[in-house]
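What the coordinates show
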Amino acid sequence: MAMLGLQRLRPACNPLCHVSSQTSAQTRPQFVRMAISESAATEEKHMAVKVPRVLSVAGSDSGGGAGIQADIKTCAALGVFCTTAITALTAQNTIGVQGIYPVSADFLERQLRSVLSDIGADVVKTGMLPSADCIDTLCSVLDLFPVRAVVVDPVMVATSGDELAGAGILDALRKKLLPKAEVVTPNLPEASMLLDGASVGTLEEMRKAAAEIHKMGPRYVLIKGGHLSGSDDIVDILYDGSECHEYHGLRVETRNTHGTGCSLASAIAAELAKGSHVRQAVQAAKTYVEKTLQKSAKLTIGSGAQGPLNHVHQLNHWESLGEPHFRPNHLLLYAVTDSSMNKQWGRSTSEAVQAVIEGGATIVQIREKEADSGEFLEEAEASLKIARKYGVPLVINDRIDIALACDADGVHLGQSDLPISRARAILGPKKIIGVSCKTPEQAMRAWEEGADYIGSGGVYPTNTKQNNKTIGVEGLRKVCEASPLPVVAIGGIKDHNVKEVMASPRPEQLQGVAVVSGLFNQPDVVVATQKFRAILADALDDSYSRVV
Ligand SMILES: Nc1ncnc2c1ncn2[C@@H]1O[C@H](COP(=O)(O)OP(=O)(O)OP(=O)(O)O)[C@@H](O)[C@H]1O
Ligand SMILES: Cc1ncc(CO)c(N)n1
Ligand SMILES: [Mg+2]
């Protein structure tokens with residue numbers, strides 16, 4: 001193979017501009033920050049943004065679940081730029097491998113040189129290598145263009161049982177590629193093949209196999225336990241030449257395990273490219289694959305035994321496709337907490353939430369005007385655990401940051417909070433956004449900007465919100481008639497006036513009532529809530545109240 005003589009360029013670290021225009025009296029962190037920002041300003045034009053890069057040397061899976069396709073998606077999900085050198089085309093789907101078209105060693109070399117001579121790579125990840133020639137070529141090119149680490153997934157057999165590389169590659173793999181590897185990631189059958197058919201089917205055998213494979217030259221051996229039978233726990237074993245580290249994870253019950261191995265190896269490569277140590281990289285990769293399996297468990301792509309993963313589940317949320325994130329009849333009895341009221345009665349917010357849900361509240365809003373952010377978050381998290389157990393949605397008043405931090409079901413915003421369109425952009429399409437509206441115009445705008453429901457009031461004067469203009473039953477009716485969104489009535493609603501609010505003819509969009517002190521300024525929240533549910537059932541026709 002001809003030598004290109006190209007060297008990888010390592011850009012020197014740009015020194016900071018330490019002579020800042022402000023001097024002496026500053027504290028050190030401020031000084032460092034200013035120095036950095038001033039340096040940034042003067043060098044802005046020349047500043048290079050260095051992106052972590054992985055080069056995947058692997059086969060194409062036409063089914064989109066494994067091989068190159070899995071590698072690119074995994075790297076994208078983990079924030080790494082992925083280039084490719086394709087070793088083979090496979091005609092493959094969720095049923096099996098219908099054909100293999102290997103790429104010649106010459107053309108593999110062209111791809112490797114194209115990528116490494118220009119874009120470069122921090123880490124090379126290898127998957128399917130169809131011939132010993134391809135392995136020879138790869139090793140020679142790696143000698144010319146050294147990279148920080150090589151992650152070798154010794155792909156031999158697809159999950160379907162179809163052979164992807166024959167025993168003919170074993171010698172080159174063991175003698176040439178493994179000595180260059182930072183990590184090698186065999187599954188159980190591959191570990192056995194590398195060891196000429198030794199049995200690798202128990203944890204003890206995995207440990208022994210890891211030590212044997214380590215003698216072939218890689219710095220780390222990770223034996224994957226995905227094929228271990230008969231346990232809820234899936235253990236991968238990492239051997240570093242002196243110690244075995246175990247990575248435990250829960251087995252996800254799913255048919256969608258096609259490409260887990262490729263994804264794990266790519267995730268390790270991506271984490272290494274970002275600068276992690278091998279042990280951190282393996283842990284992060286295992287966590288990524290487990291989470292991805294969970295998010296992909298129910299997908300039905302293809303009719304075969306092994307479906308693909310949804311690698312970019314943070315972007316597309318397929319797991320919740322088809323599930324409406326909000327149903328208007330959740331607004332029937334809407335409980336809004338008030339921490340000082342609950343404190344007076346000697347209960348925490350989460351105890352109050354438990355009681356109000358037991359009593360029959362159909363949605364809960366955590367409204368916190370006193371606690372600091374940390375306490376608010378703790379209360380919200382504890383309340384959310386309870387709400388999830390009962391399948392009742394829980395939203396946060398005003399604080400989008402708290403809603404995001406605890407992954408609540410949504411927020412309720414006032415007219416002076418962040419604009420609805422911004423809130424929607426931050427929270428994504430799957431979170432509930434409710435908006436307080438006093439007028440038909442506000443209701444129309446909330447709808448245009450992407451809200452899910454409207455809270456309209458105050459219907460009656462209330463102590464919880466003094467200085468709040470009341471709109472009365474008439475104002476509520478006007479909002480309901482104009483609103484394209486479902487409406488919940490709020491403000492001073494007590495057991496004695498629910499009937500009046502919900503009285504017929506009830507406007508179509510009016511779904512229920514939101515209550516604060518009627519539920520919580522009470523000695524027994526469960527009993528108070530049950531009473532409201534009974535009055536609501538009475539006020540509405542049966543078919544309606546039975547839906548929730
Ligand atoms: N059902 C599962 N639940 C949780 N983790 C799993 C499951 N199946 C595999 N894993 C994990 O996924 C990673 C890949 O393991 P596996 O042994 O399946 O690789 P593989 O056989 O090479 O996969 P591939 O199908 O891509 O060839 C490992 O970290 C393993 O622990
Ligand atoms: C191309 C390709 N590489 C790797 C695997 C391993 O899952 C596969 N099924 N297909
Ligand atoms: Mg594999």
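Per an unreviewed UniProt entry, the recorded name for the chain is Thiamine phosphate synthase, and the organism is Marchantia polymorpha subsp. ruderalis. As its UniProt record puts it under Cofactor (unreviewed entry), the chain is described as follows: "Mg(2+)". We quote the UniProt Subcellular location (unreviewed entry) comment for the chain here in full: "Plastid, Chloroplast".

With that settled, the discussion passes to the overall build of the chain. Regarding its fold elements, the chain presents 21 helices and 17 strands. Looking at the chain as a whole, 51% of its 548 residues qualify as buried.

To continue, consider the nonpolar core. Proteins that are soluble and globular tend to have nonpolar side chains buried together. In this structure, Ile396, Ile493, Val501 and Val513 are the most contacted members of the largest nonpolar core, which totals 72 residues. Ignoring any residue separated from it by four or fewer positions in sequence, one finds isoleucine 396 in contact with Gln365, Ile366, Phe376, Ala380, Ile402, Ala403, Cys406, Ala408, Gly410, Val411 and His412. Among the nonpolar cores identified, the runner-up in size contains 48 residues, and Val124, Leu170, Leu194 and Val235 belong to it.

To continue, consider the pattern of salt bridges. Taken as a whole and assessed by the stated rule, the structure comprises 23 salt bridges. Between glutamate 246 and arginine 207 there is a salt bridge whose closest N-O contact spans 2.6 Å. With glutamate 246 in strand 9 (residues 244-250) and arginine 207 in helix 7 (residues 203-214), this pair connects stretches of sequence that are 39 residues apart. Judged by its relative accessible area of 33%, glutamate 246 falls in the partly exposed class. Judged by its relative accessible area of 25%, arginine 207 falls in the partly exposed class. Between arginine 399 and aspartate 401 there is a salt bridge whose closest N-O contact spans 2.9 Å. What makes arginine 399 partly exposed here is its relative accessible area of 25%.

It is at 8 Å that the axes of helix 4 (residues 132-144) and helix 5 (residues 170-177) come closest, and there the two elements cross at 15°. Considering the angle they form, helix 4 stands roughly parallel to helix 5. Remark: the crossing between helix 4 and helix 5 carries right-handed chirality. Taken together, the residues of helix 5 that come into contact with helix 4 (itself represented by Ala132, Ile135, Asp136, Leu138 and Cys139) are Ala172, Leu173, Lys176 and Leu177.

What follows concerns the site of ligand 2. The immediate surroundings of ligand 2 are formed by Gly59, Ser60, Ala66, Gly67, Thr90, Gln92, Val155, Ala158, Leu164, His258 and Cys262. Within the contact set of ligand 2, a nitrogen atom lies 2.7 Å away from a side-chain nitrogen or oxygen of glutamine 92. Against a free-state accessible area of 290 Å², the protein chains account for coverage of 94% of ligand 2. When residues of the shell around ligand 2 are traced back to their parent elements, those giving at least two are strand 1 (53-61) and strand 2 (81-92). Per-class residue counts for the shell around ligand 2 are five nonpolar, six polar and no charged.

A few words on a negative patch on the surface. The grouping of Asp372, Glu375, Glu378 and Glu381 at the surface amounts to a negative patch. Here glutamate 381 lies in helix 13 (residues 373-390). A relative accessible area of 38% places glutamate 381 in the partly exposed class.

Moving on, we get to the environment of arginine 506. Relative to the helices and strands, arginine 506 resides in the loop between helix 18 (498-502) and strand 17 (510-515). Arginine 506 gets classed as partly exposed once you look at its relative accessible area, which sits at 26%. When the C-alpha positions of arginine 506 and leucine 540 are compared, they lie 9.0 Å apart, and in sequence the two are 34 residues distant. From its side chain, arginine 506 meets the backbone oxygen of leucine 510 in a polar contact 2.8 Å long.

With the rule as written, the count across this model stands at two aromatic pairs. Connected via pairs of aromatic rings, a cluster forms that spans Phe326, Tyr334 and Tyr453.

Regular strands place their side chains on alternate faces of the sheet. Burial analysis of strand 1 places nine of its nine residues in the buried class, which makes it a mostly covered element. Both strand 1 and strand 2 contribute to a ladder of eight bridges, which runs parallel. Within the sheet, the bridge partner assigned to leucine 55 lies in strand 2 and is threonine 83. Once you follow strand 1 into helix 2 (residues 67-77) and on to strand 2, the crossover reads as right-handed. Where strand 1 meets strand 4 (residues 123-126), four bridges bridge the pair, whose relative direction is parallel. Residue pairing for strand 4: valine 54 is matched across the bridge by valine 123.

With that settled, consider helix 13. Taking 1.5 Å per residue as the helical rise, helix 13 with its 18 residues ought to reach 26 Å, and the 26 Å between its terminal C-alpha atoms agrees with that figure. If you check which residues of helix 13 are buried, you get Phe376, Ala380, Ser383, Leu384, Ile386 and Ala387. Down the axis of helix 13, the buried set is contained in an arc of 165°. They therefore lie on one face. Set apart from the buried face of helix 13 by more than 90 degrees, the exposed residues are Glu378, Lys385 and Lys389. Against the buried residues of helix 13 lie helix 12 (349-359), strand 11 (363-366), strand 12 (394-397) and helix 14 (400-406).

Overall, parallel pairing links the eight strands, which are arranged 10-11-12-13-14-15-16-17 in a closed barrel. Adjacent strand axes in the sheet meet at a mean angle of 25° when their direction is disregarded. The sheet contact formed by strand 12 and strand 13 (residues 410-413) spans three bridges and is parallel. Paired with asparagine 397 across the two strands is histidine 412, which belongs to strand 13. Against the sheet, helix 12 contacts strand 10 (333-336) and strand 11, and its axis sits at roughly 165° relative to strand 11. Strands strand 11 and strand 12 of the sheet are contacted by helix 13, whose axis makes an angle of about 160° with strand 12.

Between its first and last C-alpha atoms helix 4 spans 19 Å; for 13 residues at 1.5 Å apiece the expected length is 18 Å, and the two agree. Every buried residue belonging to helix 4 is among Cys134, Ile135, Thr137, Leu138, Cys139, Val141, Leu142 and Leu144, and all of these are buried. Buried residues along helix 4 sit in contact with strand 1, helix 3 (105-118), strand 4, strand 5 (149-152) and helix 5.

Procedures and definitions
Residues numbered from 1 in each chain as written. Chains lettered and ligands numbered in written order. Predicted model: local features only at pLDDT ≥ 70, side-chain atom pairs only at ≥ 80, totals over all residues. Heavy atoms only, no water. UniProt positions renumbered as here; feature names shortened; annotations may be inferred. Helix = DSSP H or I, 4+ residues; strand = E, 2+ residues; numbered from the N terminus. Buried < 20%, exposed > 50% of the residue type's maximum accessible area, 1.4 Å probe, protein only. Core = buried A, V, L, I, M, F, W, Y, C linked by side-chain atoms within 4.5 Å. Contact = heavy atoms within 4.5 Å. Salt bridge = Lys/Arg side-chain N within 4 Å of Asp/Glu carboxyl O. Axes fitted to C-alpha atoms, helices over the stretch in contact; angles between N-to-C directions. Parallel < 35°, antiparallel > 145°, perpendicular 65-115°, else oblique. Left-handed = near helix turned anticlockwise from the far one by under 90°. Near = heavy atom within 4 Å. Polar contact = N/O pair within 3.5 Å; in protein donor to acceptor, adjacent residues only side chain to side chain. Areas by Shrake-Rupley, 256 points an atom, 1.4 Å probe, with all protein chains shown as cover. Nonpolar A, V, L, I, M, F, W, Y, C, P; charged D, E, K, R; others polar. Patch = residues over 30% accessible without salt bridge, like charges linked within 9 Å, V, L, I, M, F, W, Y side chains within 5 Å. Lys, Arg positive; Asp, Glu negative; His and termini not counted. Charge placed at Lys NZ, Arg CZ, Asp CG, Glu CD. Phe/Tyr/Trp six-rings, centres within 6.5 Å; stacked < 30°, edge-to-face > 60°. Pairing = 2+ DSSP bridges. Right-handed = clockwise from strand over helix to strand, strands pointing away. Expected span 1.5 Å × (residues − 1). Arc of directions from axis to C-beta.

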